[in-house]
Amino acid sequence: QAGHPKETTEAEQSLKETVVTDPRQQGEAFSVWDCASLAQQLVKQGNAKVSRETVRRHLHELNFRIVRPVLSVKSPDPDYRVKAAKLLELQAQAAKGQIVLLYEDEVDLKHLPGVIGCWTERGKQHKVPTPADNQKRYGFGAVEYRTGRVIYSTSEHKNSAGFEALLEQIVATDRYQPAQGAEKPPPKIVLIIDNFKIHHSKLSLAALERHKDQLEMFRLPVYAPELNLIERVWKYMRRTVEASVFHF
């Protein structure tokens, strides 16, 4: 029977539960379901035989689409939960204006365009010019949690000197300086950083020590980019500025 089951049928519920499982857990020798293998699996579960097109149609009705997965890594940091909770506290303080919360990170900048899918006439292929040499620069940036403002600089090297230059730029920013005639100092700056080696160098630590009255750092758990908000800025930049365009 290859009819179109109703949404409330047991077969459709089985399909919904099966498609989100690992095929290998079902005894299969592959890692990703396709419509044909799902149709076969439904039969193994005691459901009526349906075509793969019927399976495809029902998957769309159930709001499933083919989307490329992303690679992820679970942070091995034993203090992940503690640090994540502390980060929420810092965000609450920043929302009240008690501190200035900045998320910092570095990004690679290169002539070679990143390529993403784009609308193209069938039978044709969009071509993106590429440079003769793939020159690289590095960006250092910090995004303010409360306002979304971004402070950034660029360098020929991703090193401690570039990080130090960004720190100096942050502490010299006018809006973080005491207002003329103010009775109390401006809120302290808390800089969220990851565990990249340049953040631990003698040069970087010396720069942080020089500005300890105005600036302190909070280290994220290791391998926890999802907690660093500036990653969203880099992602937006890559898609809107860098993707499929060669900037001369």
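As shown above, the structure is provided for reference.
Residues numbered from 1 in each chain as written. Predicted model: local features only at pLDDT ≥ 70, side-chain atom pairs only at ≥ 80, totals over all residues. Heavy atoms only, no water.

This next bit is on the environment of Ala-132. With respect to the helices and strands, the residue Ala-132 is situated in the loop between strand 1 (99-110) and strand 2 (136-144). For Ala-132, a relative accessible area of 89% puts it in the exposed group. Along the primary structure Ala-132 and Leu-112 are separated by 20 residues, whereas in three dimensions their C-alpha atoms are 9.2 Å apart. (Helix = DSSP H or I, 4+ residues; strand = E, 2+ residues; numbered from the N terminus. Buried < 20%, exposed > 50% of the residue type's maximum accessible area, 1.4 Å probe, protein only.)

It is worth spelling out the pattern of salt bridges at this point. Counted according to the given criterion, the structure contains 13 salt bridges. Residues Lys-188 and Glu-216 are paired through a salt bridge, measuring 3.4 Å at the closest nitrogen-oxygen approach. Highlighted residues: Lys-188 in strand 4 (residues 188-193) and Glu-216 in strand 5 (residues 215-219), separated in sequence by 28 residues. Owing to a relative accessible area of 35%, Glu-216 belongs among the partly exposed residues under this scheme. The partner of Arg-238 in a salt bridge is Glu-242, with the nearest N and O atoms 3.0 Å apart. With Arg-238 and Glu-242 both in helix 7 (residues 230-242) and 4 residues apart, this pair spans about one turn of that helix. A residue is classified by how much of its surface remains accessible, and Arg-238, at 30% relative accessible area, is partly exposed. Judged by relative accessible area, which is 11%, Glu-242 ranks as buried. Taken together, the shared-partner salt bridges in this structure form one network comprising Asp-108, Lys-136 and Lys-158. (Salt bridge = Lys/Arg side-chain N within 4 Å of Asp/Glu carboxyl O.)

This part takes up the packing of helix 1 (residues 10-19) against helix 3 (residues 52-61). For the pair helix 1 and helix 3, interaxial distance at closest approach is 11 Å and the crossing angle is 80 degrees. Put simply, helix 1 runs roughly perpendicular to helix 3. Note on element contacts: helix 3 touches helix 1 through Val-55, His-58, Leu-59 and Glu-61, opposite Glu-12, Leu-15 and Val-19. Its residues assigned to classes, the contact of helix 1 with helix 3 comprises 4 nonpolar, 1 polar and 2 charged. (Axes fitted to C-alpha atoms, helices over the stretch in contact; angles between N-to-C directions. Parallel < 35°, antiparallel > 145°, perpendicular 65-115°, else oblique. Contact = heavy atoms within 4.5 Å. Nonpolar A, V, L, I, M, F, W, Y, C, P; charged D, E, K, R; others polar.)

Scanning the entire structure with this criterion turns up 2 aromatic pairs. Between the aromatic rings of Phe-30 and Trp-33, the centroid separation amounts to 5.7 Å while the plane-to-plane angle is 80 degrees, which identifies the pairing as edge-to-face. Centroid distance Tyr-103 to Tyr-145: 6.5 Å. Interplanar angle 45 degrees. Geometry classified as tilted. Here Tyr-103 is found in strand 1, whereas its partner Tyr-145 is found in the loop between strand 2 and strand 3 (150-155), with 42 residues between them in sequence. Looking at Tyr-103, the relative accessible area reads 0%, which means it is buried. Tyr-145 sits in the partly exposed class, given a relative accessible area of 32%. (Phe/Tyr/Trp six-rings, centres within 6.5 Å; stacked < 30°, edge-to-face > 60°.)

Turning our attention to unusual backbone geometry. Of note, Asn-63 is a non-glycine position whose phi angle comes to about 70 degrees, a positive value. In this structure, Asn-63 sits in the loop between helix 3 and helix 4 (80-95).

To continue, consider the sheet that holds strand 1. The strand order across the open sheet formed by 5 strands is 3-2-1-4-5, and the pairing between neighbours is mixed. In this open sheet, the two edge strands, each paired with only one partner strand, are strand 3 and strand 5. Strand-to-strand, the axes of this sheet are offset by a mean angle of 25 degrees, without reference to chain direction. Judged from the 5 bridges that link them, strand 4 and strand 5 form a sheet pairing that is parallel. Bridging from a neighbouring strand, Ile-192 pairs with Phe-218 of strand 5. (Pairing = 2+ DSSP bridges.)

Before going further, it helps to spend a moment on the environment of Val-55. Mapped onto the elements of the fold, Val-55 is located in helix 3. In this structure Val-55 comes out as buried when scored by relative accessible area, which is 2%. For the pair Val-55 and Leu-38, spaced 17 residues apart in sequence, the C-alpha separation works out to 7.3 Å. If near-sequence neighbours (up to four positions away) are discounted, Val-55 is found in contact with Leu-15, Cys-35, Leu-38, Ala-39, Leu-42 and Val-50.

Moving on to helix 3. Those residues of helix 3 that sit buried are Thr-54, Val-55, His-58 and Leu-59. Buried residues of helix 3 fall within an arc of 135 degrees about the axis and therefore sit on the same side. Summarising the contacts, the buried residues of helix 3 are in contact with helix 1 and helix 2 (35-44). Just downstream of helix 3 lies Asn-63, where phi reads positive at about 70 degrees. (Arc of directions from axis to C-beta.)

These figures capture arrangement, not role.
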